[in-house]
Amino acid sequence: MKRITLLLTAFATLLALTTPCLASAPENTLYMDLEFGRVEIEMRPDLAPAHCKRIKELVRTGFYDGVVFHRVIDGFMAQTGDPTGTGRGGSGQNIPAEFNSEPHVRGTVSMARASSPNSADSQFFICFETVPSLDRNYTVWGKVTKGMEYVDMITKGDKWANGMVKNPDRIVSMKVAADVQKAQ
């Protein structure tokens, strides 16, 4: 019996050491409400602490509320976070790159940026599919854990291409789960 207890303790310790920061922590969970329903995003401060901190700061000011998805490419990603809706705007504060080994798979939430690795600001994208060419070139800071079917419903189009959307879908509101729970 003692041996089984030791093995179970060792397994539990190993599991705790190898498990990433869990999204079930309300402080690291975002609620992104779309017209279609709620999308829950697990933030990964273990991968990108500065990005998660900045995103939460912006969320708590209401920065993302009403912001459009200005670039949505079927089979690739849905991009948002530009208050001007042009794809060229941001919050005015760049975040140094925190590239990591987390792959860009369906539901990955990652920062958009210009050609400079340290040019990420407020724009982010959610992957529709696996996109290995983005791995280690963009900062992954989260993952959709619920509501990916609502992300799939976002109207496709690109402000920079011929498929421009005339009435793009918007983030209705974005909140940190801990703040929502406190208010209830």
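Heads up: the structure comes first, above all this text.
The present account deals with the structure reproduced in this document. Residue positions are given per chain, counted from 1 along the sequence in the order it is written. Residues qualify for local features only when their pLDDT is at least 70, as the model is predicted, and side-chain atom pairs are given and counted only at 80 or more; totals for whole chains, interfaces and linings, by contrast, use all residues. Only heavy atoms go into the side-chain values, all of them from the structure, while hydrogens and water stay out.

1. A few points about the packing of aromatic side chains
Stage number 1. Here the aromatic set is Phe, Tyr and Trp, taking the six-membered ring for Trp, and pairing holds for ring centres within 6.5 Å; pairs whose planes are under 30 degrees apart are stacked, those over 60 apart are edge-to-face, and all others are tilted. What the rule picks out here adds up to four aromatic pairs.
Stage number 2. Centroid distance tyrosine 64 to phenylalanine 124: 5.5 Å. Interplanar angle 70°. Geometry classified as edge-to-face. On the criterion of sequence distance, the pair formed by tyrosine 64 in the loop between helix H2 (49-60) and strand S3 (69-73) and phenylalanine 124 in strand S6 (residues 124-127) is long-range, its members being 60 residues apart. Accessibility assignment for this pair places tyrosine 64 and phenylalanine 124 in one class, buried.
Stage number 3. Geometrically, the ring pair formed by phenylalanine 125 and tyrosine 138 is edge-to-face, given 6.0 Å between the ring centres and 80° between the ring planes. Residue phenylalanine 125 is found in strand S6, and its partner tyrosine 138 is found in the loop between S6 and strand S7 (140-146); the two are separated by 13 residues along the sequence.
Stage number 4. Through a chain of ring-to-ring contacts, the aromatic side chains of Phe63, Tyr64, Phe124 and Trp141 assemble into a single cluster.
Stage number 5. Criterion for a charge above a ring: Arg CZ or Lys NZ at most 6 Å from the ring centre, at most 35 degrees from the ring normal. Looking at arginine 38, its charged tip hangs above the ring of tyrosine 31, at a distance of 4.2 Å from the centre. The helix and strand labels rest on DSSP assignments: H or I over at least four residues marks a helix, E over at least two residues marks a strand, and numbering proceeds from the N terminus. The cut-offs for exposure are 20% and 50% of the maximum accessible area for each residue type, with area from a 1.4 Å probe on protein chains only; residues under the lower value are buried, those over the upper are exposed, and the others partly exposed.

2. Considering the sheet that holds strand S5 (residues 108-111)
Stage number 1. The strand order across the open sheet formed by nine strands is S8-S3-S4-S6-S5-S7-S2-S1-S9, and the pairing between neighbours is antiparallel. Strands at the two margins of the open sheet, each flanked by one partner only, are strand S8 (157-158) and strand S9 (171-176).
Stage number 2. DSSP calls a pair of strands paired once it identifies at least 2 bridges connecting them. In this sheet, S6 lies alongside S5 in antiparallel orientation, the contact comprising three bridges. Pairing of serine 110 across the sheet is with phenylalanine 125, part of S6.
Stage number 3. In this fold H2 packs onto strand S1 (29-34), strand S2 (38-43), S5, S7 and S9, with an angle of close to 120° to the strand it touches most, S9. By definition in these notes, contact holds between two residues if any of their heavy atoms fall within 4.5 Å. Inter-axis angles, ranging from 0 to 180 degrees, are taken between N-to-C directions of lines fitted to C-alpha atoms, where helices are fitted over the stretch in contact.

3. Observations concerning unusual backbone geometry
Stage number 1. Non-glycine residue arginine 136 carries a positive phi angle of around 65°.
Stage number 2. Position of arginine 136 relative to the elements: it lies in the loop between S6 and S7.

4. Focus on H2
Stage number 1. Here a helix's expected span is defined as the number of its residues, less one, multiplied by 1.5 Å. Its 12 residues give H2 an end-to-end C-alpha distance of 17 Å, which sits within 8% of 16 Å, the value for a rise of 1.5 Å per residue.
Stage number 2. Residues of H2 that are buried: His51, Cys52, Arg54, Ile55, Lys56, Leu58 and Val59.
Stage number 3. Looking at the buried positions of H2, the neighbouring elements they touch are S1, S2, S5, S7 and S9.
Stage number 4. Backbone geometry just after H2 places glycine 62 at a positive phi near 80°.

5. A word on the side chain of aspartate 33
Stage number 1. As for its position among the elements, aspartate 33 is in strand S1.
Stage number 2. Excluding its chain neighbours within four sequence positions, the residues that come into contact with aspartate 33 are Arg38, Ile171, Val172 and Ser173.

6. So, the side chain of serine 122
Stage number 1. By the secondary structure assignment, serine 122 is in the loop between S5 and S6.
Stage number 2. Whenever a nitrogen or oxygen atom comes within 3.5 Å of another N or O atom, the pair is scored as a polar contact, on the condition that within protein one atom can donate a hydrogen and the other can accept it, and that pairs from neighbouring residues in sequence are kept only if both atoms are in side chains. Of note is the side chain of serine 122, whose polar atom sits 2.7 Å from the backbone oxygen of glycine 81.
Stage number 3. Setting aside its immediate chain neighbours within four residues, serine 122 contacts Leu58, Phe63, Tyr64, Thr80, Gly81, Gly90, Ser91 and Met111.

7. Remarks on the pairing of strand S4 (residues 77-80)
Every regular strand shows the same layout, with side chains that alternate between the two sheet faces.
Stage number 1. Across the two faces of S4 the burial is the same, with Met77 and Gln79 and Ala78 and Thr80 all buried.
Stage number 2. Where S3 meets S4, four bridges bridge the pair, whose relative direction is antiparallel. Bridged to arginine 71 within S4 is glutamine 79.
Stage number 3. Where S3 hands over to S4, the hairpin turn is made up of three residues, of which glycine 75 adopts a positive phi near 80°.

8. Let's talk about the pattern of salt bridges
Stage number 1. Any Lys or Arg side-chain nitrogen located within 4 Å of an Asp or Glu carboxyl oxygen qualifies as a salt bridge. Evaluation of the coordinates by the stated rule reveals nine salt bridges.
Stage number 2. Residue arginine 38 pairs with aspartate 33 through a salt bridge whose shortest N-O separation is 2.7 Å.
Stage number 3. Given the relative accessible area of 35%, arginine 38 is considered partly exposed.
Stage number 4. Aspartate 33 sits in the buried class, given a relative accessible area of 16%.
Stage number 5. With a closest N to O distance of 3.7 Å, glutamate 102 and arginine 44 form a salt bridge. Note that glutamate 102 is positioned in the loop between S4 and S5 and arginine 44 in the loop between S2 and H2, a separation of 58 residues in sequence.
Stage number 6. Among the residues examined, glutamate 102 registers a relative accessible area of 26% and is labelled partly exposed.
Stage number 7. With a relative accessible area of 10%, arginine 44 lands in the buried category.
Stage number 8. Among the charged side chains, a salt-bridge network with shared partners connects Glu27, Lys56, Arg60 and Asp179.

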